[in-house]
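# Geometric and topological summary
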Amino acid sequence: MDSVSFRPEEGAIHFEVSCKAKRLACPACGAADQPVHDRVARSWQHLHFFQFKAFIHCQVPRVACTQCGKATQAPVPWAAKGSGFSVLLEAFVVMMCASLPVAHVAKLLGVSDDRIWRVVRRHVDQARRQEDYSCVRRVGVDETASRRGHRYVTLFHDLDERRLLFATPGRNRSVFRDFVADLQAQGGQPGQLTDWCMDLSSAFQAGARDSAPQAKVSFDPYHVVALSHRALDQVRRAEVKLEPSLRHSRWGTLKAPQNWNLDQLTTMHWLQRSTLKTTRAWRLKEALRRIYETACDRTTAEPLLRRWLSWARRCRLTPFKKLAATVKAHLEGILHHFDSGLSNGQVEAFNAQIQAAKARAKGYRTDTNLIAISYLLCAKLKHLPKHPWLAAAERA
């Protein structure tokens, strides 16, 4: 280090560093003992010193190689190529972005959020390239909303390791081809997959058949029961026009009984004594939900589901008759859940975490940014830079 300049009026400390070597190895081809062509002034922002910003300045040599014919800038040990931040500051940025919105981190450092996004994306991409997916066997698939206007990102999760494997815009069958390509790039093979867990989307089912036909499909219980919630609400909405007493009963009919508040308890006691269609619909919904609560294996679940199907087909409620047809068409995948024990519960928890981050940030401008944050929060990446303070404590 040549000099340190403290400028309180600017709120910054400047470090001047130089390299006086006249001959260096070529950064491009590695040829030894090549002449320095010229020097280029470069600056990097470093970790703050107390309340002051810190900057490193250096006249970086460019090597004119006689072997490859290129004039290449020499690397510096304190920063990555092309970055305007030091390595330690980048590590701090990545760890901060796992907890704070990127815009807040940018404001703390006094830079644009575009610069922070570039750092996050680069480190996430580097860390993902070092991940090993050769042991992935069971995969959960779900989508999460990225922006208004029915824009979605599909997420693929390792259900055994509970980590995000892959995220991509869209929710059609082609996203499975993208996942398989990424899986192979990380050392995995589609032939090694044994199970998919997903909702009843026809696009997802087609993508799963195309990508790994040997893997069995389990339909997530939450999404199956959610279809009964939708059918119940359709019945209630149609009947409330003739029975005004049903107004304000929606949440009571959709909630599990143990979660009713006093008003909902009163409403539901009245509803269960009535002969309304909504009462029948609620009992059908509750019966389907109880199958998942009480059945511990396929042997127990199958007769219960078949009896429920018979009831739903004869219930004279059009939404539930349609639901019965849907359940019958997907019965094998619904029953396979009881064999595999798989659900997307952890996937939904990750989705909630991603949506909470999106809400804190007041949305993300691009799907690329949302995907980068999703990896940072949920992929359990092992090769991200360590927080500089924690790394120093470990060395001590």
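For the structure, check the block above.
As the structure is a computational prediction, the values presented were derived from the model and not from experiment.

What follows covers the overall build of the chain. Check the secondary structure of the chain and you find 15 helices and 11 strands. For the chain, whose C-alpha radius of gyration is 29 Å, the value lies well above the compact-globule estimate of 21 Å for 396 residues. C-alpha atoms of the chain, sized along the principal axes, occupy 90 × 50 × 40 Å. In the chain, buried positions account for 48% of the 396 residues. The centroid of the 60 positive side-chain charges in the chain is displaced by 5 Å from the centroid of its 36 negative side-chain charges.

As summarised here, the arrangement of the five strands in space is E9-E8-E7-E10-E11, forming an open sheet in which the pairing is mixed. Of all the strands in the sheet, the pair left with one neighbour each is strand E9 (163-169) and strand E11 (216-219). Across this sheet, the average inter-strand angle for adjacent strands is 25°, counted without regard to direction. Of the pairings in the sheet, the one linking strand E10 (residues 195-198) to E11 comprises four bridges and is parallel in character.

Tallied over the entire structure, the rule returns 23 salt bridges. Its salt-bridge partner being Asp 160, residue Arg 138 comes within 3.0 Å of it at the nearest N-O pair. Here Arg 138 is found in strand E7 (residues 138-147), whereas its partner Asp 160 is found in the loop between strand E8 (151-158) and E9, with 22 residues between them in sequence. Residue Arg 138 is classed as partly exposed on the basis of its relative accessible area, which comes to 23%. Take Asp 160: its relative accessible area is 40%, and that puts it in the partly exposed class. Its salt-bridge partner being Arg 173, residue Asp 210 comes within 2.6 Å of it at the nearest N-O pair. Note that Asp 210 is positioned in helix H5 (residues 202-211) and Arg 173 in the loop between E9 and helix H4 (174-185), a separation of 37 residues in sequence.

This paragraph deals with the packing of helix H1 (residues 87-97) against helix H2 (residues 102-109). Between H1 and H2, whose axes approach to 9 Å, the crossing angle comes to 145°. Once H1 is placed against H2, the crossing between them reads as right-handed. Every residue of H2 that contacts H1 at Leu 89, Val 93, Met 96 and Cys 97 is listed here: Val 102, Val 105, Leu 108 and Leu 109. By residue class, the composition of the contact of H1 with H2 is eight nonpolar, no polar and no charged.

This paragraph deals with the pairing of E10. Consecutive side chains of a regular strand alternate in pointing toward one face of the sheet and then the other. Neither face of E10 is open: one carries Asp 195 and Cys 197, the other Trp 196 and Met 198, and all of them are buried. In terms of strand pairing, E7 meets E10 through three bridges, oriented parallel. Bridging from a neighbouring strand, Gly 140 pairs with Cys 197 of E10.

Positionally, Phe 49 belongs in strand E4 (residues 34-49). Given the relative accessible area of 35%, Phe 49 is considered partly exposed. Separated by 317 residues in sequence, Phe 49 and Thr 366 have C-alpha atoms that sit 34 Å apart. Residues in contact with Phe 49, not counting those within four places in the same chain, are Ile 13, Phe 15 and Ala 54.

Rules used throughout
- Each chain has its residues counted from 1, following the order in which its sequence is written.
- A pLDDT threshold of at least 70 governs which residues receive local features in this predicted model, and a stricter bar of 80 or more applies before side-chain atom pairs are shown or counted, although totals over entire chains, interfaces and linings include all residues.
- For side-chain calculations, the full set of non-hydrogen atoms in the structure is used, while hydrogens and water are omitted.
- Each helix is a run of DSSP H or I of at least 4 residues and each strand a run of E of at least 2, with the numbering of both proceeding from the N terminus.
- Radius of gyration here uses only the C-alpha atoms, and the compact-globule reference equals 2.2 Å multiplied by the residue count raised to the power 0.38.
- Exposure classes here rest on a 1.4 Å probe applied to the protein chains alone. A residue is buried below 20% of its type maximum, exposed above 50%, and partly exposed in between.
- The charge count treats Lys and Arg as positive and Asp and Glu as negative. His and the chain ends do not count.
- Think of each charge as sitting on NZ of Lys, CZ of Arg, CG of Asp or CD of Glu.
- In this analysis, strands are considered paired if DSSP registers two or more bridges between them.
- Only C-alpha atoms enter the line fits that serve as axes; for helices the fit covers just the stretch in contact. Angles between N-to-C directions range over 0 to 180 degrees.
- Any carboxyl oxygen of Asp or Glu within 4 Å of a side-chain nitrogen of Lys or Arg constitutes a salt bridge here.
- Should the near helix be turned counterclockwise from the far one by less than a right angle, the crossing is left-handed, whereas a clockwise turn marks it as right-handed.
- Residues count as neighbours in contact if any of their non-hydrogen atoms are within 4.5 Å of one another.
- Amino acids are sorted into nonpolar (Ala, Val, Leu, Ile, Met, Phe, Trp, Tyr, Cys and Pro), charged (Asp, Glu, Lys and Arg) and polar (every other residue, Gly among them).

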